[in-house]
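Topology and contacts: notes
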Amino acid sequence: MVDMNVNLAAANKIEDPAYSAPVKLGVSDLTIRYGGTPALSGVNLEVREHEIFGIIGPANAGKTSFLKTLNRMDTFNTNMSVEGEILFNGLNVQNLKNIYALRSRIGVVFPLPVGLPLTIYENVALSPRLRGIRRKSELDVIVERCLSRAALWDEVKDRLDSLGSLLSGGQQQRLTIARALSQEPDLLMLDEFSIAVDPVTTMRIEDVLKELKHDMTIILVTNLVQQARRLADRTAFFLEGECVEVGITEDLFTGEVQDQRTRDYVEGKFG
Amino acid sequence: MFAESALNIRNKRVQNLFRILFLMMTVLLIIPVVIILATLVAKGGSIISIDFLFTDPTNGMTAGGIFPALLGTVWIVAVALLASVPLGVAAAIYLNEYAGDNWFTRIIQLAIINLAGVPSIVHALFGVGAFVIFFGFGTSILAASLTLAIMTLPVVIVSTRESLRAVPQAFREACWNMGATRWQTIRRVVLPNAVSGILTGVILEVSRTTGETAPIMFTGAAFFLPFLPQGVFDQTMALSLHLFVVATQVPGVPDNLPFGVALVLIAMVLLMNSISIAFRMYLRGKKKW
């Protein structure tokens, strides 16, 4: 009887649009070690195009390390070793020659907002400039579009020449999102973006993300399970270096989980 | 409830004792500086004039001004800076931004620390061997300046590294995540925010170079020259050596002359230091994060 229910659920999932979209990012047998000690092991998951893919889990679960391997930031940490396969748009990121091009396709938003010590304008214009765009008129358009999409334009349009690093925390986080958008990314990765952000701004950013989903794929790492529930189409649960479960987000909350640890975490029994 | 116990009172006394002790140590520190400055002004102040600064020494250096020495010091310091700043800044950028923590960079670090510890007279002899003889520059401004440049390289490297280190790592990571190369990150974000600290270090280097005597005395500074240097391959007089000469080597020098030279020298150094401090304060006010 129990088995039948699981099968029924599986059958329903195949109909779900989140499952039928093409694969954006395929991760198989991914293991990350820091100096021999595994931080994450044996991860298998797929992120589909135009979905918000949530990753929940307590601290030290390996969530941030996971993100770092996706855009090859592991190259800056000689202590970090990566095994397994990560296919981004069907290409193995470990074998890519031009990792700079890979990184520029992936926007990243950090837990603590990083407003670069440049003007607001230059924060957003930096990535286009790195791509070789020099014409002021072209940059103006990009800056306005990205700031608008990040719901920051109205607040800063009159002081684009003031320093980005002096904005408030919530504004800086939206500036970071605008900067990530200026990369015209395929994939946007947010690592616990709401840690240093007030609840009102958090809700505004969440609305932004729901809009952005139509244009790109989003990976949302969060330690707020309710945030994952509000936003994510599918969610993975990471715990102590292991990917415990991947499923349709709503299933994790309605109890259709395969692992007791997932149920306990989602219900707030630990973490 | 808040009555003072015996222990409270004791603690308070000990605390006052130490405060006064440390205050006295601090005051003690200033005393030599004040005495030096006061003596120089009292004994040498009378000779300082525009003429003293801008005329040649006369009567076997027992009278006249110090212009050739002053100009020579400016020459030597300028050429030394031209050599040491690009080299030191480039090395510091490499060490801080590119190099990993391996045996190679550790040896370099050790070498820099040791270079800073080499006595200046040893640098002088190295300068004679390397620049005067081996490279064939002769005793010249170039040889003297390069000797000083090598001597002050650790200052430039260390101060540049400190200011690079002060730029938060998060800024670099944000740039790298956008697909910027290390050089793009350095040029667009790191250097613009470190340049103030680098300049402060350079000014400190100037003040150190100005006063050095031993490294230039065998490599390019002359006892007495009746003409001004025309290029980097000429010898020149220099303030620091001139002070040594008029204070100890020439008979019949009036008392106020060496003190006057010393006053000019120390004024140059203090001026540089004050510019450096003012600059730092100005930039601290403009801090961007």
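All names here are of chain A. For the pair helix α5 (residues 120-130) and helix α6 (residues 136-149), interaxial distance at closest approach is 9 Å and the crossing angle is 115 degrees. Taken together, the axis directions place α5 and α6 in an arrangement best described as roughly perpendicular. By crossing handedness, the relation of α5 to α6 is classed as right-handed. Within the contact between the two elements, α5 uses Tyr121, Val124, Ala125 and Pro128 and α6 uses Leu139, Ile142, Val143, Cys146 and Leu147. Along the lines of polarity and charge, the residues of the contact of α5 with α6 split into nine nonpolar, no polar and no charged.

Residues and elements named next belong to chain B. In terms of domains, chain B is made up of domain 1 (6-47) and domain 2 (51-285). Averaged C-alpha coordinates put domain 1 and domain 2 at centres separated by 32 Å. Contact residues are listed per partner, giving seven residues for domain 1 and nine residues for domain 2. The class makeup of the residues in the side of domain 1 that touches domain 2 is three nonpolar, three polar and one charged.

Here we take up the confidence of the model for chain B. Residues and elements named next belong to chain B. Scored by pLDDT, chain B comes out at a mean of 90, with 99% of its residues at no less than 70. Looking over chain B, one finds the lowest element-wise mean pLDDT in strand β2 (residues 63-64), namely 85, and the highest in helix α5 (residues 120-134), namely 94. Listed scores for the predicted complex are pTM 0.82 and ipTM 0.86.

Residues and elements named next belong to chain B. Running from amino to carboxyl end, helix α6 (residues 141-165) crosses helix α8 (residues 182-211) at an angle of 150 degrees, the nearest separation of the two axes being 8 Å. Of the possible angle classes, the one that applies to α6 and α8 is roughly antiparallel. Here the hand of the crossing between α6 and α8 comes out right-handed. Contact with α6, carried on its side by Leu148, Thr152, Val155, Val156, Ser159, Thr160, Glu162, Ser163 and Leu164, involves Val190, Ala194, Gly197, Ile198, Thr200, Gly201, Val202, Leu204, Glu205, Arg208 and Thr209 of α8 and no other residues of that element. Looking at the contact of α6 with α8, its residues break down into nine nonpolar, eight polar and three charged.

Here we take up the pairing of strand β8 (residues 217-222) of chain A. Looking down a regular strand, the side chains alternate between one sheet face and the other. All names here are of chain A. Counting buried residues in β8 gives six out of six residues, a clear majority hidden from the surface. Here β8 shows a buried face lined by Thr217, Ile219 and Val221 and a second buried face lined by Ile218, Leu220 and Thr222. Pairing between strand β3 (residues 52-56) and β8: five bridges, direction parallel. Across the sheet, Ile56 pairs through a bridge with Thr222, a residue of β8. As paired elements, strand β7 (residues 187-191) and β8 share five bridges and run parallel to each other. In the sheet register, Asp191 faces β8, and the bridge partner there is Val221.

Below, the discussion takes up helix α7 (residues 169-177) of chain B. An α-helix turns once every 3.6 residues. As a result, residues three or four positions apart point the same way. Taken as a whole, α7 of chain B has its buried residues at Phe171, Arg172, Ala174, Cys175, Trp176 and Asn177 of chain B. Turning to α7 of chain B, the residues buried within the fold contact α4 (99-105) and β6 (106-109) of chain A together with α8 of chain B. One or two steps after α7 of chain B, the chain reaches Gly179 of chain B, where phi turns positive at roughly 95 degrees.

Attention shifts here to helix α4 (residues 103-117) of chain B. Helix length check: α4 of chain B (15 residues) gives 21 Å between terminal C-alpha atoms against 21 Å at 1.5 Å per residue, within 8%. Among the 15 residues in α4 of chain B, zero count as buried, and that is only a small part of the element.

Looking now at the interface of chain A and chain B. Contacts between the two partners involve 18 residues from chain A, matched on the other side by 16 residues from chain B. Taken together, the residues of the side of chain A that touches chain B break down into 11 nonpolar, six polar and one charged.

Our focus in this paragraph is the environment of Thr209 of chain B. All names here are of chain B. Along the chain, Thr209 turns up in helix α8. Looking at Thr209, the number of C-beta atoms within 10 Å reads 26, which means it is buried. In this structure, the C-alpha to C-alpha distance between Thr209 and Ile108, residues 101 residues apart in sequence, is 23 Å. Non-local contacts of Thr209, meaning those with residues more than four positions away in its chain, are made with Val77, Ala80, Leu148 and Thr152.

About the criteria used
- Residues numbered from 1 in each chain as written.
- Chains lettered and ligands numbered in written order.
- Predicted model: local features only at pLDDT ≥ 70, side-chain atom pairs only at ≥ 80, totals over all residues.
- Axes fitted to C-alpha atoms, helices over the stretch in contact; angles between N-to-C directions.
- Helix = DSSP H or I, 4+ residues; strand = E, 2+ residues; numbered from the N terminus.
- Parallel < 35°, antiparallel > 145°, perpendicular 65-115°, else oblique.
- Left-handed = near helix turned anticlockwise from the far one by under 90°.
- Contact = placed C-beta atoms within 7 Å.
- Nonpolar A, V, L, I, M, F, W, Y, C, P; charged D, E, K, R; others polar.
- Domains from an automatic or database assignment.
- pLDDT = per-residue confidence, 0-100.
- Buried ≥ 20, exposed ≤ 12 C-beta atoms within 10 Å, placed from the backbone.
- Pairing = 2+ DSSP bridges.
- Expected span 1.5 Å × (residues − 1).

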